[in-house]
Amino acid sequence: MPMPGLLALKLFLVPCLIAGISMAGRRWGASVAGALAGFPVVTGPILLFVAIEQGESFAAHAAVGAINAVLCNIAFGIAYAWVSRKYSWQWSLAAGMVVYFVTVGLFNLVYFSAILAAAVTVVGLLIAPRLYPMDGADAETAIQPKSDLVHRMTAGALLVITVTLLSERLGPNLTGLFSVFPVMGSVLAVFSHRNIGQRFAVRLLRAMARGFQAFTLFCLVLAFTLERGSIGLAFCVALLAALMAQALLMRYAR
């Protein structure tokens, strides 16, 4: 794909996906928005662009890093949730980001195979919902300001551009780790915390842990298929697997 066309895709694909999830959240509430926010809306396109620009092997290793980064994202949400019980969204966001970067640094020091990374992540995701504050939730649906949608879309586009531009310098592991930067989690949590309430924000962050199950499967399938076939086929198979897993998880949750 010509570079101008690839750049245009980076600028528009992720913001459009984020807009769709945001509208779903306004329509169906925190649980649905959180579960969908855990879907590979940002990371999937980043890995696609990395595969096109850096090659299938690079992207396959980045996919393993992305699996590890799921727990970094969960750590962000847990830290934000607990701090938000007593402090403002500014302190909650700062605490979440500190914990996120610390866990990224730790995961960058060790190597995990795709299977081991997925196994550790799935166990962590099963435990994670019990680690959030168990406060009662505010109303399942609430009016949210339209201005937050622009922030989410802008942050998503900036993350895609930044990670793909720096991927060669970062290497595959850090590229994968930073591809799961909590764009959706942080923006959704902050705007929910400010405009709806702390309990709603915590409920949303807890729901993201359920969405990351499908995300983990998506990255695991990519790690195994990218070097064994075409990029398009690998992403189609991974996306199909993630969609099926997400449908089953949401059905089970109901």
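Whatever comes next refers back to the structure up there.
Trainee: So what about the nonpolar core? Which residues, and what values?
Mentor: Membership of the largest hydrophobic core comes to 68 residues, with the highest contact counts inside it found for I74, F212, C219, L222, L226 and F235. When contributions to this core are tallied by element, the ones reaching two or more residues are α3 (43-54), α4 (56-84), α5 (89-107), α6 (114-127), α7 (147-178), α8 (183-195), α9 (198-225) and α10 (231-253). Top contributing element to this core by residue count: α4, with 17 residues. With sequence-adjacent residues up to four places away left out, C219 is seen in contact with L47, A63, A66 and I67.

Trainee: Which residues make up the side chain of T43, and what values go with them?
Mentor: Examined against the element boundaries, T43 turns out to sit in helix α3. For T43, a relative accessible area of 4% puts it in the buried group. Ignoring anything within four residues of it in the chain, the contact list for T43 reads A66, S179, V180 and F215.

Trainee: So what about the packing of aromatic side chains? Which residues, and what values?
Mentor: Here the structure, examined in full by the defined rule, presents eight aromatic pairs. With centroids separated by 6.3 Å and ring planes inclined at 55 degrees, the aromatic side chains of F101 and F178 adopt a geometry described as tilted. Within this pair, whereas F101 is found in helix α5, its partner F178 is found in helix α7, the two being separated by 77 residues in sequence. Judged by relative accessible area, F101 falls into the partly exposed class, the value being 42%. For the pair F212 and F215, a centre-to-centre distance of 5.5 Å together with 85 degrees between the ring planes defines the contact as edge-to-face. One end of the pair, F212, and the other, F215, are both in helix α9, three residues apart, so they sit about a helical turn from each other. Grouped by ring-pair contacts, the aromatic residues Y100, F101, F178 and F181 constitute a single cluster.

What counts, and where the lines are drawn
- Residues numbered from 1 in each chain as written.
- Predicted model: local features only at pLDDT ≥ 70, side-chain atom pairs only at ≥ 80, totals over all residues.
- Heavy atoms only, no water.
- Core = buried A, V, L, I, M, F, W, Y, C linked by side-chain atoms within 4.5 Å.
- Buried < 20%, exposed > 50% of the residue type's maximum accessible area, 1.4 Å probe, protein only.
- Helix = DSSP H or I, 4+ residues; strand = E, 2+ residues; numbered from the N terminus.
- Contact = heavy atoms within 4.5 Å.
- Phe/Tyr/Trp six-rings, centres within 6.5 Å; stacked < 30°, edge-to-face > 60°.

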